[in-house]
Structure formats: C-alpha cells, structure tokens
Amino acid sequence: MTGLSAQLTAVLGPTNTGKTHLAVERMCAHAGGMMGFPLRLLAREVYDRVVAMKGAPQVALVTGEERIIPPGARYFLCTAESMVTDRAFPFIAIDEGQMGADPERGHVFTNAMLHLRGTAETMILGAETLRPVIRRLLPDAHIIARPRFSKLEWVEPRKLSRLPARSAIVAFTAQDVYALAEMLRRQKGGAAVVMGGLSPRTRNAQVELYQSGEVDYLVATDAIGMGLNMDIAHVAFASLSKFDGRRHRRLRPAEMAQIAGRAGRHQRDGSFGTLLFGRNEESASPELTEAEIAAIEGHEFPPLKGLVWRNARLDFSSLHRLVMSLEAQPSSPELWRGDDAIDLQVLKILAGEPWVMERAQGRPALMRLWAACGLPDYRRTGPEAHARLAGRMFRHLSEGTGRLPPEWIRSELSALDNVAGDIATLSDRIAAARTWTYVTHRPDWLADAPGWAERARQVEDRLSDALHQRLTQRFVDRRTSVLLKDLKLRDRAARVEVDPDGTVVVDGAIIGTLSGFAFLPDPAARAGEKKMLLAAAERRLAEELARRAKALAAAEDADFALDFDGGMPPRLLWCGTRVAALRPGKDTLNPRVELDRSLDTLDRAARAAVLARLENWVAATKARHLSGLTRLEALKPELSPAARGIVVQLTETMGALPRETLAPLIADITRDDRRALAKAGVRLGVTHVFVSDALRPEATRWRLALWGVASRAPAMPPPPRPGLTSVKVNDAMPPGFLAVAGFWALGDFAVRVDMADKVARAVHAQRLAEKAGGGIRPDPALMSSLGLSPIQFARLMQALGFRDTRQQGFAFQPATRRKTRRKAEGKAPSATAALPFAKLGELLGG
C-alpha cells in the first residue's frame, strides 16, 4: 500500500478532542476502510460502534486473538500488529501514533505510519508531540490541531475514602490494582477492574459494572489511557512510576496526561490528582511536581525527536540474512532502532539450535520460522521459555504435514478448560488460552482452523466469565454498595462527609469520628479550632444522625446483638455499635430498654422509633431463645394453684430450682398439671426442676443477662462457655449465678442440672437392668461426658445418694443401708445419704 496518491492527514491534540470519533466518521463515509489501534480492547470498542452504524456483515475485527471477518466485510478494525496488508482500502487510520516512540512496540506503529496508505484518505491520530517528527518524515501530510473539549484540572491529593464518585484509580501492577480494589470494596462498596491482560469478554463485563452505576469506582492499569471512553470524573494516580520492560522509571508528563485525560469526557470538565496514603500504609503517597501539573493542564510537552524503527523489508534468503535484515540500521536521523523485541530475541535463540539451522532452509521455511517467533508472549514467561514454545511449534510446522498435531492442541485446551481457582489462577489460564486462540487463527498451521478457533473461544469465554465472577465476588460488596448509595447526602451544599471508618469531615476538615450515634472529637485539633468545628458538627450532623436513626428503625434483626460477656449492664448493639442498655423492669423476664446517651440529640419521634424497634427486637429474641419461660407465663391460667406456684418460682429464678424447694408444691400438683408442664418443657428432675430449652447456650446467656439486670449486680463473670457440662466454682461468681446458669454446685465444681438428672436416671436404669443387689459400675462414658475427674464423679454420686465401695474398685452402692445402720447406732444421717437410692427409685418411677 505504499506509494498510492491520496490525502494524508495528521490529526493531533490531547485526549478528549474527538480524534477517534472523527476517524470513525471519516471511515464510514468511504466505501471501506481500516483502522489500527494500540489495544485490542479499544479495537473491540470501536468495532461495536461501527457494527451499530453499518451492520455486522460489513465489519471485521482482526486482533491477535479475535478474527471476525464476514465474507463481505468492508470495514476492518484491527490492532496495529494485525493490520491487513494484502488488500487495498479507501481509508486507513492509525490511532495513538505517538506509540511509535514506544521501545517495545514502536516499530509497528512507525511502519504503519510510514507505509500504510488508503487509496483515498489516510489519517494519523496522535498527540501534539508528533508534529515535528511528522513534518520531517511525512512532509506532505496536512496537520490539523484539535483542542480539548473540556478542562482538565489538578486537585489536592485525596485519601481513597475521600475520592468522589465516578473516579478511576490507576496503578501499574496487578498486585496494586487488586489491593486498591479490595480497599474500595470495604470503604465504598466495590470497584470494577480493567487491565490490558483481561479478555475482551471480562473487560466488557467489568466496564458495564462501572458504566451501569452498580459501582462508582474503577481501578485500572494504564490501559485506560489509550482511548477507552468511560464516564470518569476524576483520575487518581496510586503511583507515578512503572516498569517499562527494562527498568522501573517515573512516568513522563505526556504519559501522565494520556491517563489523566480520561477524566472529563466530551463537554464535562475533569480532574486529576494523586492518592493520599495514610501513615500506617505501606505505600508512599506519590506527588506531582508543579512543572508536571502545569504541563498536564496546559497540554504542553516536549516534542518527540524520533520514532522507533525496525526494517520491514526482510530478507528470507537465509537464516543469517533474516537476522541481519532485522538488525538493519535506519537511514533517517528521526528513526531509531530500538531494543530487540521479543520476536527477534526468540529468533536469535532458535537460530543457535542446530536442528533449526537444518530445517530453516528456503524462503517458505524461514517465513514459517519467523511466523512462529511472532507468537505473542501473553504469559509473560520471557524470551527463553517463550522460545521453547515457539521452537516446538516450528518443529511441528516443519515436518510431516506441516500442521500442528490436533492431539497437542486438544490436550492443552482441555487442561485449560477449568474454571476452578482464584483470580491469579484464572488470569494465568486466560493468558495461556489467548496463546492458543492466536494459534487457531492461523489457517496454515491447523487442519481444522475454524473448529479449533471455536473450541478455543469457548474455553476463553468460560474462563472469562469465571474471572468476571471472581472479580465481582472479591471486589464488589453489593450490600455495602446499596447502603452507601442510600446514605448519600442530599444537601451537598452542607459539605458534610462521614467516611466508612467513621471519620467526620466538615468543610474539608477532619473534626472527629462518629461511632454509631456517638461523636468523638479529634484530639489533635487545637482548642480554638475544636470549638468552631464542634459547632459546625452540631449544625450538620443532625441530618446524618437522623438518617442513622431511620436506618436503625428499619434494620433487620440480624443487625442487632446482645453485648453481654459479664459486664453490666448488658448492651444492645446495632451493626456493632452501642445504642442501648437493659435496665430493671417490671420483673426479671421483662427488663426496660434504655437508649444510650449518644441518641439524646435525636428528636422525640426518632427516639421513639428507635426505642420501639429495639424493644421489638428484645421481645422477639426473648421469644426465640426463652420460649420455654414465655410459654410458662402464658400457661399459668390453666394450672392449679400448686402448679402456678411452681411456674412463678421457675420464672423468677430463670428456669431452674432445686427440687427440694418445690417438693410441697410438686406433691400437690395434678396429673393434668404434670402433662401441661411437661408439654411446656418443664422437667421434674431427680435433683432439680428445670426448663430444658432454657439451658441452651444463647438462652443461658440471655437468662444470666436478665437475672443480672433484675438483681442489680454490679458485675458478673462471663457466661459458661457453650457445650460445657461442668465448670469450676470460683469466688467471682455471685450467689445464685450458677443456679441461674443451670448448674448444680458441688463444692469446688458444678454440674449442669440436666446432665446430673441424666446421670441419676442412667445409674438407676443400670441397676434395674443388672438387678444388682450390691454395687454398680457406672458407664465410663458418663464421667467422660461430664468432664469430671474420678474424685469429682464420686462426689456427684454421693450427692445423688450413693456411696463409694473402694474394695470393689470404681463401684457404688445405694446409701440406704449405711443410713439405717447409723440411725441404729444413734448417729446423725450422713450428708451423702441425703438422697437414698430407695427415694431415687420412687422419684424416677413417679
């Protein structure tokens, strides 16, 4: 396409000047055309636009991994490396021409600008820095300067939590991108992620996540600097340096401007700045110099002095001559030979292999070798590893049928067709899949190229969908996102901001933190400032507190919790912050809810709504965890006076009493009373009468909290750990604590009353089954289930009315005979005979 007489135009200017839009309009005005872009993401974006204008049958997309070429296609959208050179087009455009100065890919853009021409019109799009180079290399070009449509202004560095909505945060490593997105998920509800390595499918899904407003933040690499058009109001640099493939260096002002220019598209002004990291964060805050800020705002940068060039007229007469032609030096001072690109590095490595020298004979073989070396290193494995893959491909292409073995491709794609794994794993698989997608678009390499291309596309699509899902799961908290949108300030003139961590900012100054409804002034503020800012907070925070009160009144039950671990009074929490306490009420089961003093600033209606919601939650939670006790309260009218007396005492003592204190009442209850009490969950145990449901861990925690409130205890030990069937007794336990907790104190230890009842019934059943007239040997599992030592278990058995018969080993006998013998001798009954076995049998039988 060189040498055709046609109009050559260079459209130069900063970002947001409509250069790409102009070129698309000009191309569509012709009968056909081709545009080359620096990124496949941008090529895909423009492809979608042209399809909407011309229809899919007339539009082709040609990139390394995608080839959509309908039979009658007239408009081609390509990456610069994939621009078609074997047919003529009325119109040709090369986008982002300043990429010609890029050390790694610059020669591709330089070659296109120098040699690709449309039969009617050619356009070069790029930055104003291209002007002097184009003047010298292409003197016939007509240069058009286009001004930016909107202003681009610098703003002071901001913390991540203070960034405005519709912000893009730019980092230069995947690790930094993921870390920033994770912080935005916690602080702002989520972020979309855009990187050059994403597949078009994943990238489109992430962009849609941002463009739809589901998230207000975008974290990206410098891939967004190359013409991707999104609704971005502010660009924040998380770093100002990157690794360019050779060294870690600071961005040039023109590169900064290319990225910052994504803010403020069309007629909307935009802003840019840097990210302000906290003192405790590992990264140092990047800083723009005054000269860099002025250059970006004024779009004034040093002009390019030359472009990277590589000889495009290759000599395929021999392997040595091919390498020599690729290393040829340019004849113009404005053209510079750059460092060896990855394809040339691979070629040099393979050229040293004897088997490659032997097979690379003749033009066709050398062209195949060079094509294999041109396989992109999507996996970023480096020249040596990539040369091994390219060499294996050339080996297959230079023997037999000259095609890649289908078994190899099938095996590789099958191994990659796995959507399990984390983000890094899926990203690696997609990079590998892109390699095979590229290969399947080489029809001269495969026997069934269309079939393999479809198979590779399916694998990449499945991996891309899985990656989008993982990115969304990790970096988007939908619930937090919705909550934050609901809490957005309506009166923006108030300039009041409350960060997710509770930081309160009034008129740009941090005055303290808001924890729930409690405001804590910033201790670092000076006295004069604090007085002024506190006054501003009083005027402005009322609206925020009212919003929080409304949110509390409408909150789900799961947002509330009882904070009780022994400290008094028990607190009620909303979303982890203290909002109320339990105080003595009309009785033990019905405490009074007292709002925290931090809610005093709310109006009467808001306080009433909050109080009503908390009271409803307490009632519902009691009904759920203390259902046994609440059922007893409702049962009283149906019971006899004796049974009502049992119910009254059980509810006052929160569900457990020694049986002996209720013995007179138990003797007077009717059979109907027994059935009704049993149906309500009351167990008339051997040693205690208790409500079985009330002994569950959460019910026990609530019973202790309510009992502590009613008894006005100044402090209490923590509730017994869930699952414990015995505990050690200590002096910190106030009188009655163990009984309310559902434990039977036996000296220096206590046993849960339901387990003591279980032991009593088990040994009675064992004695009946064995018909043992003497001692019995309890099942060792009983002692194990209680967590007791042998001595403690013996003490429990004594309390149940048994005596230890040491001469028979670990065995016990009823204490009845011993009691009778002591009575006959005129001695007082032993304490261990308090519950003789005969009486135990009567109770269990009853």
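The structure we're discussing is the one just above.
A. Structural context of the overall build of the protein chain. Within the protein chain, the regular secondary structure consists of 30 helices and 34 strands. Looking at the 846 residues of the protein chain, the share that counts as buried comes to 51%. A separation of at least 24 residues holds for 66% of the contacts in the protein chain among residues at least 6 apart in sequence. When the accessible area of the protein chain is evaluated, it comes to approximately 39,200 Å², of which 52% is carbon and sulfur surface.

B. The pattern of salt bridges, seen in detail. Enumeration over the complete set of coordinates arrives at 45 salt bridges. Salt-bridge contacts for arginine 578 lead to aspartate 596; the nearest nitrogen and oxygen are separated by 3.2 Å. Placement of arginine 578 in strand β25 (residues 577–587) and of aspartate 596 in the loop between β26 (590–595) and α19 (604–625) is noted, with a sequence separation of 18 residues between them. When its relative accessible area of 13% is taken as the criterion, aspartate 596 is described as buried. Ionic contacts of the salt-bridge type, sharing partners, join the residues Arg201, Glu454, Arg457, Asp461 and Asp465 into one network.

C. Here's a closer look at the nonpolar core. In this structure, Phe517, Leu572, Leu582, Leu614 and Leu632 are the most contacted members of the largest nonpolar core, which totals 67 residues. Ranked by residues supplied to this core, first place goes to helix α24 (residues 697–710) with seven residues. The contact partners of leucine 614, leaving out residues within four places of it in the chain, are Leu552, Phe560, Leu572, Val579, Ala580, Val593 and Leu595. Residues Ala238, Met393, Tyr438 and Ala456 belong to the second largest nonpolar core, which totals 50 residues.

D. A look at the sheet that holds strand β31 (residues 743–746). The three strands are arranged β30-β32-β31 in an open sheet whose pairing can be described as antiparallel. Edge positions in the sheet fall to β30 (726–728) and β31, since each has one partner strand and no second. Taken over all neighbouring pairs, the strand axes of this sheet differ in orientation by 25° on average, direction set aside. Note: β31 against strand β32 (residues 749–752), four bridges, orientation antiparallel. Each residue of the ladder has a partner; that of leucine 746, found in β32, is phenylalanine 749. Contacts from helix α26 (residues 753–770) reach β31 and β32 within the one sheet, and its direction differs from that of β32 by about 75°.

E. Local environment of the packing of aromatic side chains. Using the criterion set out here, one finds seven aromatic pairs in the structure. With centroids separated by 5.3 Å and ring planes inclined at 65°, the aromatic side chains of phenylalanine 76 and phenylalanine 89 adopt a geometry described as edge-to-face. Of this pair, phenylalanine 76 sits in strand β5 (residues 75–79) while phenylalanine 89 sits in the loop between β5 and β6 (91–94), and the two are 13 residues apart along the sequence. Looking at phenylalanine 89, the relative accessible area reads 1%, which means it is buried. Ring centres 5.9 Å apart and planes at 35° place the aromatic pair phenylalanine 517 and tryptophan 574 in the tilted group.

F. Region of the structure containing empty space enclosed by the protein. For the coordinates displayed, the defined rule picks out three cavities of 30 Å³ or more. Approximately 70 Å³ is the volume attributed to the largest cavity. If you go around the largest cavity, the residues you meet are Pro103, His107, Val308, Trp309, Arg310, Leu326, Arg337, Gly338, Asp339, Asp340, Ala341 and Leu344. Space inside the second largest cavity adds up to approximately 40 Å³. What lines the second largest cavity is Met113, Leu114, Leu130, Ile134, Leu137, Leu138 and Leu307. Among the elements of the structure, α3 (106–115) and α4 (131–137) are those that each provide at least two residues to the lining of the second largest cavity. Each residue belonging to the lining of the second largest cavity can be placed in one class, and the counts come to seven nonpolar, no polar and no charged.

G. Representation of α26 in the model. Taking 1.5 Å as the rise per residue, α26 with 18 residues should run 26 Å; its terminal C-alpha atoms sit 26 Å apart, in good agreement. Listing the buried residues of α26 in full gives Val753, Met755, Ala756, Asp757, Val759, Ala760, Val763, His764, Gln766 and Arg767.

H. Examining the side chain of lysine 622 more closely. Within the fold, lysine 622 resides in helix α19. Among buried Asp, Glu, Lys and Arg side chains, lysine 622 stands out as unpaired, with aspartate 587 the closest opposite charge at 6.5 Å. Among all residues touching lysine 622, those that are not within four sequence positions of it are Leu589, Asn590, Pro591, Ser627, Thr630, Trp702 and Leu706.

I. Geometry of the environment of leucine 589. Take leucine 589: it is sitting in the loop between β25 and β26. Aside from chain neighbours lying at most four places away, what touches leucine 589 is Lys622, Leu626, Leu629, Glu633, Thr651, Met654 and Leu706.

J. Examining the environment of leucine 22 more closely. The residue leucine 22 is located in helix α1 (residues 19–29) in this model. A relative accessible area of 25% places leucine 22 in the partly exposed class. On a C-alpha basis, the gap between leucine 22 and methionine 123 in space is 9.9 Å, while along the polypeptide they are 101 residues apart.

K. Local environment of α19. Taking 1.5 Å per residue as the helical rise, α19 with its 22 residues ought to reach 32 Å, and the 31 Å between its terminal C-alpha atoms agrees with that figure. Of the positions making up α19, those classed as buried are Ala606, Val610, Arg613, Leu614, Trp617, Val618, Thr621 and Lys622. The buried residues of α19 occupy one face: seen down the axis, they fall within an arc of 165°. Exposed residues lying more than 90 degrees from the buried face of α19 are Arg604, Ala605 and Asn616. Residue aspartate 603 occupies the N-cap position of α19, its side-chain oxygen lying 3.2 Å from the main-chain nitrogen of alanine 605.

Procedures and definitions
- Residues numbered from 1 in each chain as written.
- Predicted model: local features only at pLDDT ≥ 70, side-chain atom pairs only at ≥ 80, totals over all residues.
- Heavy atoms only, no water.
- Helix = DSSP H or I, 4+ residues; strand = E, 2+ residues; numbered from the N terminus.
- Buried < 20%, exposed > 50% of the residue type's maximum accessible area, 1.4 Å probe, protein only.
- Contact = heavy atoms within 4.5 Å.
- Areas by Shrake-Rupley, 256 points an atom, 1.4 Å probe, with all protein chains shown as cover.
- Salt bridge = Lys/Arg side-chain N within 4 Å of Asp/Glu carboxyl O.
- Core = buried A, V, L, I, M, F, W, Y, C linked by side-chain atoms within 4.5 Å.
- Pairing = 2+ DSSP bridges.
- Axes fitted to C-alpha atoms, helices over the stretch in contact; angles between N-to-C directions.
- Phe/Tyr/Trp six-rings, centres within 6.5 Å; stacked < 30°, edge-to-face > 60°.
- 1 Å grid on protein atoms, 1.4 Å probe; cavity = no way out; pocket = protein on both sides within 12 Å on 5 of 7 lines; lining within 4 Å.
- Points joined across faces, edges and corners; volume = space filled by probe spheres on them.
- Nonpolar A, V, L, I, M, F, W, Y, C, P; charged D, E, K, R; others polar.
- Expected span 1.5 Å × (residues − 1).
- Lys, Arg positive; Asp, Glu negative; His and termini not counted.
- Arc of directions from axis to C-beta.
- Polar contact = N/O pair within 3.5 Å; in protein donor to acceptor, adjacent residues only side chain to side chain.

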